Amino acid sequence: MSLLRVEELHVEVDGKPILAGIDLEVDAGEVHAVMGPNGSGKSTFANVLAGRPGYDVVRGSMRVDGEDVTELAPEERSLRGLFLAFQYPIEIPGVSNMEFLKAAVDAHALGRGEDPPSAIDFVRHAREAASRLELNPDFLKRGVNDGFSGGEKKRNEILQMLILEPRLAVLDETDSGLDIDALQVVANGINAFRGDGNAVVLVTHYQRLLNYVVPDHVHVLADGRIVHSGDRSLALELEERGYGWLGA
Amino acid sequence: MSERSNELTDLVGEEHAATGHDYAAGFVTEIDTDTLPPGLDEDVVRAISAKKAEPAWMTEWRLDAFRRWQEMPTPRWAHVQFPDIDFQGISYFSAPKGDAPKSLDEVDPELLRTYEKLGIPLHERARLAGVEAEDEEAPQVAVDAVFDSVSVATTFKERLAEAGVVFCSMSEAIQEHPELVRKYLGSVVPKPDNFYAALNSAVFSDGSFVYVPKNTRCPMELSTYFRINAENTGQFERTLIIADEGAYVSYLEGCTAPMRDDNQLHAAVVELVALEDAEIKYSTVQNWYPGDAEGNGGIYNFVTKRGTCLGDRSKISWTQVETGSAITWKYPSVMLRGADSVGEFYSVALTRNFQQADTGTKMTHIGPRTKSTIVSKGISAGRSQNSYRGRVRMNPGAKGARNYTQCDSLLIGDTCGAHTFPYIESKLSTAVVEHEATTSKVSDEQLFLCQQRGIDPEKAVAMIVNGFCRDVFRTLPMEFAVEAAKLLEVSLEGAVG
């Protein structure tokens with residue numbers, strides 16, 4: 001059974017069709033890259049997987065581990081292991097990163113019918129994850145994304161992913177706005193996360209992240225459909241030739 | 001209104017609150033009472049005074065206030081709306097039957113159960129709710145429990161007496177410490193200060209009295225828990241706290257009332273006096289019944305609270321968390337008379353459904369180098385109206401005085417209102433007055449981020465609001481901060497569970 005199975009997905013925003021029939025299967029242990037020009041529907045695809053309000057699924061379905069999640073609330077999808085790293089992470093002033101993460105971890109534990117971890121275990125776990133992303137421990141005490149630089153915000157998304165250990169991580173343009181050092185750190189985080197039990201969908205405009213996180217499959221999205229799929233070499237070819245030759 | 005905002009509004013309980021299940025303190029205690037019939041004239045004022053066996057000077061003081069009150073018009077300047085109050089339709093005194101208990105053992109068990117249910121233990125072994133009983137390190141809190149018009153119990157009196165601290169009901173203070181009461185009662189809030197203060201001065205029933213002697217640090221937190229129980233009754237408590245030279249006291253106040261369809265009036269007066277080098281910290285968690293989802297019932301909370309920093313280097317700090325009441329109308333203020341004295345006001349006011357709040361502070365700088373800080377956090381949801389009203393006044397003698405004001409509003413949904421009315425009166429060119437204000441909304445994006453991480457929307461809103469209030473909660477004593485955060489969460493939930 002596929003970890004993620006998307007069938008005939010049609011999505012509208014404000015009555016305007018954005019996705020026009022997407023089919024995608026992602027198995028455990030795989031990394032898929034979804035690429036495409038601006039306005040092709042990449043971000044819509046990432047957001048609709050996570051159940052963001054305002055994106056109307058008019059046809060088709062999304063399944064995680066065989067379960068249809070198309071109608072589920074965002075938090076229900078999260079508890080089933082679906083994680084979205086945001087393209088534009090939002091600030092929550094006054095709520096510390098630590099407090100936010102603990103609330104998320106507790107919600108996941110309760111969702112599994114387990115007791116939430118002790119504060120000590122949680123803090124230890126969070127600090128380890130932070131150091132892996134070369135983040136100062138003080139980072140955890142700051143307000144969620146409050147006053148963070150662009151690079152810190154993106155690293156914070158990856159930090160949340162490492163701590164929540166989702167089944168499926170959908171990373172929406174996580175590479176945008178990162179300098180080369182930060183890109184390397186983020187890529188290390190993603191590679192550390194990769195495993196046989198999970199899968200990653202990288203949504204990206206450029207292939208440079210794929211130099212560090214090597215995908216098993218590459219898909220090109222254009223006008224709301226997947227117009228081409230291939231292996232890693234497709235990404236390199238896209239970098240060289242652009243999207244035009246695919247009719248995208 | 002967007003669909004999403006609708007959802008957000010539902011979340012904070014427009015619909016669910018109709019049943020009132022989210023107001024845990026809304027029960028009624030069945031107890032025999034001694035209640036004056038509704039109505040107010042000089043005889044009623046005399047009757048209240050007689051019930052308390054007060055000395056003649058006190059009776060005269062009340063009558064003088066009553067006569068002045070009769071001359072005063074009802075104030076209408078606040079940004080709140082309500083029908084005229086029928087002052088002849090209210091009973092001005094209600095007390096549980098029987099003689100006043102001499103000790104805790106004599107308190108009616110039904111009353112003890114009431115306070116227990118509210119999480120306020122009236123026996124001296126236990127601690128306030130939210131503090132684990134086995135935690136030996138937890139600070140002890142002395143409680144004065146005021147039920148309708150009378151104080152029913154005050155705990156830890158002996159231990160406080162060893163330190164020289166007087167903590168008793170106002171009725172008792174009038175009998176036992178008349179010299180202090182005569183000197184300070186009405187010295188901060190004069191009888192004709194305003195309409196409701198004058199009314200209170202005429203008919204006040206009970207409240208707390210605190211005196212902390214020179215160079216004494218009060219050995220524990222003091223607190224008063226106000227409970228309105230009787231129907232159709234107003235509560236008019238009067239509190240007076242005096243910190244003598246070099247003294248320190250931290251005082252906490254909590255309040256609840258049953259759910260009723262009629263509005264009930266609560267018109268209190270609180271006076272604080274800080275002498276040289278003294279410090280008073282006064283914290284309120286106000287959870288009077290706010291009315292139902294349609295705006296029926298609830299307490300009218302029209303309160304005058306003021307402190308005076310009489311001595312040099314004295315300090316008065318107000319912290320309030322206001323979640324209850326149909327209408328809140330209060331401005332805990334500080335008169336900064338002593339040189340280098342400090343006034344602080346930290347406030348969280350949450351309104352939802354049809355609640356209205358017009359609250360803030362007045363900082364009056366009289367002495368040189370006086371300093372004041374105002375941090376106000378207003379949260380509005382539903383169809384509520386939430387106003388900050390504050391006045392900073394720099395008198396000519398206040399050389400080198402400074403004020404910093406920060407006023408933040410948070411909106412939940414888009415049918416509520418947040419308003420800011422800052423008044424700055426400076427008679428002094430060298431005074432420094434800073435004012436910062438922000439308005440923000442709990443955004444759909446913030447909520448979605450939380451949900452995407454598995455946090456349900458109710459918890460998410462509570463967390464976001466708590467974060468917004470952090471600067472104020474920080475100033476509360478630990479156990480009250482926990483209680484305040486919980487209270488906020490429950491108030492936001494609408495439906496518990």
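These notes cover the structure that comes with them. Residue positions are given per chain, counted from 1 along the sequence in the order it is written. A letter from A marks each chain and a number from 1 marks each ligand, given out in the order of writing. Since the coordinates come from a predicted model, pLDDT governs what is reported: local features require at least 70, and pairs of side-chain atoms require 80 or more to be given and counted, while whole-chain, interface and lining totals use all residues. Water and hydrogen atoms were dropped before computing side-chain values, which therefore reflect all heavy atoms in the structure.

Notes on the overall build of chain A
Link 1 in the chain: Secondary structure elements follow DSSP: runs of H or I no shorter than four residues count as helices, runs of E no shorter than two count as strands, and numbering proceeds from the N terminus. When helices and strands are tallied, chain A shows 7 helices and 12 strands.
Link 2 in the chain: Values of the radius of gyration come from C-alpha atoms, whereas the globule rule sets the reference at 2.2 Å times the count of residues to the power 0.38. Relative to its length of 248 residues, chain A is compact, with a C-alpha radius of gyration of 18 Å against a globular reference of 18 Å.
Link 3 in the chain: Once the C-alpha set of chain A is aligned to its principal axes, its extents read approximately 55 × 40 × 35 Å.
Link 4 in the chain: Note on contacts: a residue pair qualifies if any of its non-hydrogen atoms lie within 4.5 Å across the two residues. Contacts spanning at least 24 positions in sequence make up 68% of the contacts within chain A whose residues lie at least 6 apart.

Some words on the packing of helix α9 (residues 444–452) of chain B against helix α10 (residues 457–473) of chain B
Geometry of a packed helix pair, given as the angle between the helix axes and the separation of the axes.
Residues and elements named next belong to chain B.
Link 1 in the chain: Working convention: axes come from line fits to C-alpha atoms, limited for helices to the stretch in contact. Angles between N-to-C directions cover 0 to 180 degrees. Remark: α9 packs on α10, axes separated minimally by 9 Å, with the N-to-C direction vectors making an angle of 120 degrees. Considered as vectors, α9 and α10 are oriented oblique to each other. Of the two possible hands of crossing, α9 and α10 adopt the one that is right-handed. The residues of α10 that touch α9, namely those facing Gln446, Leu447, Cys450 and Gln451, are Pro457, Ala460, Val461, Met463 and Ile464.
Link 2 in the chain: Gly is placed with the polar residues, together with every amino acid not listed as nonpolar (Ala, Val, Leu, Ile, Met, Phe, Trp, Tyr, Cys and Pro) or charged (Asp, Glu, Lys and Arg). Taken together, the residues of the contact of α9 with α10 sort by class into 7 nonpolar, 2 polar and no charged. Roughly parallel here means an angle under 35 degrees, roughly antiparallel means over 145, roughly perpendicular means 65 to 115, and every remaining angle is called oblique. The sense of a crossing depends on the near helix, which, turned anticlockwise from the far helix by less than a right angle, makes the crossing left-handed and, turned clockwise, makes it right-handed.

Considerations on the side chain of A:Ser96
Link 1 in the chain: Relative to the elements of secondary structure, A:Ser96 occurs in strand β7 (residues 92–96).
Link 2 in the chain: Residue classification places A:Ser96 among the buried positions, given a relative accessible area of 14%. When a residue's accessible area, from a 1.4 Å probe over protein chains only, is under 20% of the maximum for its type it is buried; when over 50% it is exposed; and in between it is partly exposed.

Points about the packing of helix α3 (residues 56–71) of chain B against helix α8 (residues 195–203) of chain B
All names here are of chain B.
Link 1 in the chain: In the contact formed by α3 and α8, the axes pass within 7 Å of each other and the chain directions differ by 145 degrees. Considering only the axes of α3 and α8, their crossing is left-handed. From α3, Trp61, Arg62, Ala65, Phe66 and Trp69 reach across to α8, where they touch Phe195, Ala198, Leu199, Ser201, Ala202 and Val203.

Remarks on the interface of chain A and chain B
Link 1 in the chain: Contacts between chain A and chain B engage 31 residues on the former and 19 residues on the latter.
Link 2 in the chain: A buried area of about 2000 Å², summed over both sides, lies between chain A and chain B, and 66% of it is on carbon and sulfur atoms.
Link 3 in the chain: One side-chain nitrogen of Lys or Arg within 4 Å of one carboxyl oxygen of Asp or Glu is enough to make a salt bridge. Scanning the region where chain A abuts chain B turns up 2 salt bridges.
Link 4 in the chain: Salt-bridge contacts for A:Glu99 lead to B:Arg470; the nearest nitrogen and oxygen are separated by 3.0 Å.
Link 5 in the chain: Definition of a polar contact: a pair of N or O atoms within 3.5 Å, with one able to donate and the other able to accept a hydrogen when the atoms are protein atoms, and with sequence-neighbouring residues admitted only if both atoms are side-chain atoms. At the boundary of chain A and chain B, one finds 12 residue pairs in polar contact (both at pLDDT 80 or more).
Link 6 in the chain: For the side of chain A that touches chain B, the elements supplying multiple residues, two or more each, are α1 (42–50), α2 (74–79), β6 (82–85), β7, α3 (97–111) and α5 (150–164) of chain A.
Link 7 in the chain: Here the element with the most residues in the side of chain A that touches chain B is α3(A); it accounts for 6 residues. Computed with a 1.4 Å rolling probe, the buried area is the accessible surface lost when two parts are put together, summed over both parts.

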